[in-house]
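# Architecture at a glance
Residues per chain, in single letters:
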Amino acid sequence: MTQEQQILKYLEENTSINFAESWRMGVFRLSTVNHRLRKDEHNINTTQNTINGKSVTFYKLIKGATK
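One structure accompanies this document, and this report is about it. Computed from a predicted model, the values in this text were never measured in an experiment. (Residues numbered from 1 in each chain as written. Predicted model: local features only at pLDDT ≥ 70, side-chain atom pairs only at ≥ 80, totals over all residues. Heavy atoms only, no water.)

One pass over the structure, following the stated rule, counts 1 salt bridge. Close ionic contact of Arg36 with Glu4 constitutes a salt bridge, the shortest N to O distance being 2.6 Å. Here the residue Arg36 occupies a position in helix α3 (residues 30-39), and Glu4 occupies one in helix α1 (residues 3-13), the gap between them amounting to 32 residues. Glu4 sits in the buried class, given a relative accessible area of 18%. (Salt bridge = Lys/Arg side-chain N within 4 Å of Asp/Glu carboxyl O. Helix = DSSP H or I, 4+ residues; strand = E, 2+ residues; numbered from the N terminus. Buried < 20%, exposed > 50% of the residue type's maximum accessible area, 1.4 Å probe, protein only.)

Following this line, the structure appears as structure tokens:
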């Protein structure tokens, strides 16, 4: 399974993914993988939240929507 397939499957089964979750899956360049998924017409939303004083980026698949 490619990294893109792993992340897409995770996004389809969960609300969102962040860097820490992708590391547990062995995906170390999450932004690059999401860039490739967007090029393949997947609509992925990016948000940033502050958790314990640190900025954390979350990626969410918008289901049923394409670019």
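Now, onward.
Moving on to the packing of aromatic side chains. Per the stated rule, a full pass over the model turns up 2 aromatic pairs. With a centroid separation of 4.5 Å and an interplanar angle of 75 degrees, the aromatic rings of Trp23 and Phe28 are classed as edge-to-face. Aromatic rings pair up to connect Phe19, Trp23 and Phe28 into one cluster. (Phe/Tyr/Trp six-rings, centres within 6.5 Å; stacked < 30°, edge-to-face > 60°.)

Okay, α3 next. In an α-helix, one full turn covers 3.6 residues, which means residues spaced three or four apart are oriented alike. Where α3 is concerned, the buried positions are Leu30, Val33, Asn34 and Leu37. The arc enclosing the buried residues of α3, seen along the axis, measures out at 95 degrees, which places them on a common side. Downstream of α3 by one or two residues, Glu41 has phi in the positive range, about 75 degrees. (Arc of directions from axis to C-beta.)

Moving on: a nonpolar patch on the surface. Together, Phe19, Trp23 and Phe28 make up a nonpolar patch on the protein surface, roughly 340 Å² of accessible area in all. Residue position: Phe28 is located in the loop between α2 (19-24) and α3. (Patch = residues over 30% accessible without salt bridge, like charges linked within 9 Å, V, L, I, M, F, W, Y side chains within 5 Å. Areas by Shrake-Rupley, 256 points an atom, 1.4 Å probe, with all protein chains shown as cover.)

For the rest of this paragraph, the subject is the environment of Arg38. Relative to the helices and strands, Arg38 resides in helix α3. Sequence-wise, Arg38 and Leu61 are 23 residues apart; in three dimensions their C-alpha atoms are separated by 10.0 Å. At 3.0 Å, the side chain of Arg38 forms a polar contact with the backbone oxygen of Ile44. (Polar contact = N/O pair within 3.5 Å; in protein donor to acceptor, adjacent residues only side chain to side chain.)

Looking at the secondary structure, you find Asn18 in strand β1 (residues 17-18). Judged by relative accessible area, Asn18 falls into the buried class, the value being 11%. Side-chain polar atoms of Asn18 contact the backbone nitrogen of Glu21, separated by 3.0 Å. Sequence-distant contacts of Asn18, that is, excluding residues within four places in its chain, are made with Leu30, Val56, Thr57 and Phe58. (Contact = heavy atoms within 4.5 Å.)

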